[in-house]
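Spelled out, the chains give:
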Amino acid sequence: MTPRTGREDSARGDRAPDREESSLLISAARWWDPAENTTRDNARVLVRDGLIHHVGPGAAVPSGARRIDLGDRTLLPGLIDSHVHLTEAFPTSISDPVSAQTLAALPHLDSLLRNGFTTVRDMGGTLEDPLVVHLRDAVARRIVSGPRLLVAPHLISARGGHGDKTAAAVPHGAHEVGPLADGANEIERRVRADARAGADWIKFAATGGVTHPDDSPLRVTYSQLEMNTLVGTARDLDLPCAVHAFSDEGIRRAVRAGVRSVEHACLAASATLDMLRPHGVYLVPTMYAVSHFLAHLDDDAFWTHRDANERAKVARHAPTLRGHGQRVAGCTATIAYGTDAGVLPYRDNWREFPAMTTAGLTPLQALRSATVSAAELLRRPRLGRIAAGGVADLIAVPGDPLRDIDTMGGVDFVLQEGRVHVDPTDPPRRAHSVEPMRGDVQADDVLLAPAQLEPRPPRNPP
């Protein structure tokens with residue numbers, strides 16, 4: 001079974017600013033492609049039928065093509081966030097019905113897209129219903145607007161591990177809660193169930209974490225044999241694996257098992273991080289999430305609605321957590337951008353960029369992590385570039401992000417597969433885009449007449 005993508009775009013009905021143009025010429029003062037070390041002047045990109053047709057001067061512009069002049073802005077590829085959570089996110093919890101969680105996810109999709117993230121990878125949750133699969137397909141069919149989604153339906157976990165929410169059951173411990181599997185037979189069955197549900201990725205927890213009151217980030221929750229079984233079963237189904245892992249032994253076992261990406265690694269030693277590249281494993285370090293929790297360690301109001309054990313764990317491991325960014329910046333692993341949005345506010349997912357540069361990565365490295373490196377991780381070679389034949393995902397920011405990475409918080413133009421979602425040059429759209437991280441959605445933003453819906457995505461991509 002290969003990953004499902006279908007028509008990888010979204011829309012908002014027949015509202016003019018979100019229409020898909022058969023031909024579109026976009027110009028700006030500057031542009032940047034991951035193949036370049038600096039921005040280049042005089043951006044000129046011709047888009048046809050959702051793809052980049054030509055970059056630079058000399059293209060024959062079709063009669064009637066729409067022209068968008070973005071002025072003193074830098075044009076970049078659409079961004080990729082490789083680690084988000086769209087379920088069980090504030091203000092909902094695992095106890096809320098699926099319908100409530102679905103409605104709660106819609107403004108989060110909108111926030112991510114307005115931040116310039118045209119593709120995101122959802123790293124699963126504990127709901128039995130594979131909600132993120134439904135969200136992915138709804139975006140692909142243009143029922144709702146949002147980034148294209150690649151999804152892991154669940155965070156597969158050992159009993160007593162990071163995905164075990166049984167303690168939250170009412171009455172206490174009355175039944176098991178979470179996508180739990182122990183031993184080879186249960187693990188194989190769980191992986192195959194996620195594949196049947198339509199998974200693009202398989203995600204599992206190799207260690208505990210911080211945002212769970214009952215586990216430890218130092219605890220390894222699967223044996224080497226169990227991880228080998230999990231990753232091997234997924235490989236047989238042509239599904240890559242991502243692993244939640246905070247500490248050294250869990251990471252080492254997962255790398256030996258053959259995972260494609262390690263998520264977090266916040267307590268890992270430098271030598272462990274340097275294991276990843278020789279094995280072709282990507283690192284998604286979620287650096288802003290770490291700094292976000294550390295910055296609020298002494299803020300009582302921040303922890304009001306969290307379990308006291310979570311705060312205690314952050315405090316206990318704070319000295320090691322504070323060195324996470326420096327260890328990541330100094331390691332040899334290929335870094336893919338990922339934020340853990342959902343654990344932190346979705347509107348803030350752009351802040352991973354300054355978190356990276358504060359830790360010692362260059363703006364160039366940070367931008368590549370959210371474009372070409374993330375596209376390589378996801379095995380989507382037509383994403384993350386401004387090149388002929390690529391998918392027409394483009395964004396723009398005022399200024400030059402290679403000089404000032406904070407400009408990435410000011411995205412004010414978003415094109416996804418040839419469809420304009422945010423356009424500073426279009427007055428009717430201006431009021432909708434002046435606060436690109438606002439995250440509110442009106443009913444007419446997300447509802448389409450049945451005749452306007454895309455067909456269900458095929459099981460296999462073209």
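Everything that follows concerns the structure shown earlier in this document.
In short, a report on the structure. Just so it is clear, the structure is predicted and the values come from calculations on it, not from any experiment.

**Overview of the pairing of strand E11 (residues 241-245)**
Phase 1: For E11, a buried count of 5 out of 5 residues is recorded, marking the element as mostly surrounded by other parts of the structure.
Phase 2: Neither face of E11 is open: one carries Cys 241, Val 243 and Ala 245, the other Ala 242 and His 244, and all of them are buried.
Phase 3: For strand E10 (residues 202-205) and E11, the ladder comprises 4 bridges, and the chain directions are parallel. Residue Lys 203 lies in a different strand from E11, and its bridge partner there is Ala 242.
Phase 4: Crossover E10 to E11 through helix H4 (residues 224-236) is right-handed.
Phase 5: Pairing of E11 with strand E12 (residues 261-264) involves 4 bridges; the strand directions are parallel. Among the inter-strand pairings, Val 243 is bridged to a residue of E12, identified as Val 262.

**Here's the deal with unusual backbone geometry**
Phase 1: The backbone of Asp 49 shows a phi angle near 55°, a positive value even though the residue is not glycine.
Phase 2: Of note, Asp 49 is situated in the loop between strand E2 (40-48) and strand E3 (51-55).
Phase 3: By relative accessible area, Asp 49 is classed as exposed at 60%.

**Considering the sheet that holds strand E7 (residues 117-122)**
Phase 1: Read from one edge to the other, the open sheet built from 3 strands follows the order E6-E7-E8, with strand pairing classed as parallel. What marks the edges here is a single partner per strand, and that holds for strand E6 (79-84) and strand E8 (148-151). Neighbour to neighbour, the strand axes of the sheet diverge by 20° on average, direction disregarded.
Phase 2: Note: E7 against E8, 4 bridges, orientation parallel. Its bridge partner being in E8, Asp 122 is matched across the sheet by Val 151.

The rules behind each value
- Residues numbered from 1 in each chain as written.
- Predicted model: local features only at pLDDT ≥ 70, side-chain atom pairs only at ≥ 80, totals over all residues.
- Heavy atoms only, no water.
- Buried < 20%, exposed > 50% of the residue type's maximum accessible area, 1.4 Å probe, protein only.
- Helix = DSSP H or I, 4+ residues; strand = E, 2+ residues; numbered from the N terminus.
- Pairing = 2+ DSSP bridges.
- Right-handed = clockwise from strand over helix to strand, strands pointing away.
- Axes fitted to C-alpha atoms, helices over the stretch in contact; angles between N-to-C directions.

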